[in-house]
Amino acid sequence: MSGRPPRVLAIAGTDPTGGAGIQADIKTISALGGYAMAAITAVVAQNTTGVRAVRPVSARLLAAQLDAVSDDVEVDAVKIGMLGSSSAARTVAAWLGRARPPIVVLDPVMRATTGGRLTSRRALGSVRELIRRVDLVTPNRDELALLLGRTPADEWQRAVDDAVEAATLWGTRVLLTGGDGAGDLAVDVLVEPRANGGARLTEASAPRVATHHTHGTGCALSSALATLQAVENDWARSVARAKQWLVGTLRDAEMLEVGRGAGPLHHFHRLSADTAPQRSVSADDER
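Residues numbered from 1 in each chain as written. Predicted model: local features only at pLDDT ≥ 70, side-chain atom pairs only at ≥ 80, totals over all residues. Heavy atoms only, no water.

Draft legend 1. Up close: the environment of Asp-67. For Asp-67, the location among the structural elements is in helix α2 (residues 59–70). On a C-alpha basis, the gap between Asp-67 and Ala-39 in space is 9.9 Å, while along the polypeptide they are 28 residues apart. (Helix = DSSP H or I, 4+ residues; strand = E, 2+ residues; numbered from the N terminus.)

Draft legend 2. Fine view of the pattern of salt bridges. As enumerated under the stated definition, the model contains 14 salt bridges in all. Measuring nitrogen to oxygen at the nearest pair gives 3.7 Å for the salt bridge that ties Glu-74 to Arg-7. Here Arg-7 lies in strand β1 (residues 7–12) and Glu-74 lies in the loop between α2 and β5 (77–80), a separation of 67 residues in the sequence. Residue classification places Glu-74 among the exposed positions, given a relative accessible area of 56%. Its salt-bridge partner being Glu-129, residue Arg-132 comes within 3.9 Å of it at the nearest N-O pair. (Salt bridge = Lys/Arg side-chain N within 4 Å of Asp/Glu carboxyl O. Buried < 20%, exposed > 50% of the residue type's maximum accessible area, 1.4 Å probe, protein only.)

Draft legend 3. Expanded view of the sheet that holds strand β9 (residues 185–193). Pairing in this open sheet of eight strands is mixed, and the strands run β2-β1-β5-β6-β7-β8-β9-β10 from one edge to the other. Of all strands in the sheet, those bounded by a partner on one side alone are β2 (35–40) and β10 (199–207). Examined bridge by bridge, β9 and β10 share nine bridges and lie antiparallel to one another. In the sheet register, Glu-192 faces β10, and the bridge partner there is Arg-200. With respect to the sheet, helix α6 (residues 156–170) is in contact with β7 (136–137), β8 (173–176), β9 and β10, its orientation differing from that of β8 by roughly 160 degrees. (Pairing = 2+ DSSP bridges. Contact = heavy atoms within 4.5 Å. Axes fitted to C-alpha atoms, helices over the stretch in contact; angles between N-to-C directions.)

Shown next, in the form of structure tokens:
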């Protein structure tokens, strides 16, 4: 990268409260030293308590956004989040074929943290086809089960087995995320299919943070992976670094005091107290 920031394009829906979607992607990419760009797939009216409305962007406008970026900027990495519709998934797949970015990470967003559905079941087939064009897909066990057309695994080992099957079927790396599990450690498993059959598994663990402020966790993780991989060129190391960073965003999430529901992560938790905005002191305060 010759010292310059990686140029990372996020493709996702919006979140007006800033905790998830494209807003979270931009914060994550920036926090990790990348130059963030964005293409909007849908305008979403949501907050920390739920999703209220979703208005997809037309396939023509989505394609125009993507081409406007790649016609002018050399993209180092792409993060794909909420697509919402079959047409959006097909549009992104076609653009990937034209632009051929070197790193593509897909977060297969099905639902918001608050429970609102963000991707229709009809779009699942197009998302499955898109997976074959990306370098890494980051499902939790529920998302993985939906993509495979089966019930979610009730045991972690069964979920890992599903991830191995998926990676082999799609010919794509799968990061099975374990943030929704139990125990003192949050364990993710990176599954990398081998050309001669089988797969290589690498575990990445971090202390589980006891907080309900997890809005946009999947968005942040996938954006972090795209940004870090553009520098590291090593998926296992990128996963380890992304998890370490994510722990800090969760630990400091309560500091933000944003919303009445599942609050956002503190994407810029690494900023020192000296650089944080300070409230000015008035004469009345001093009295």
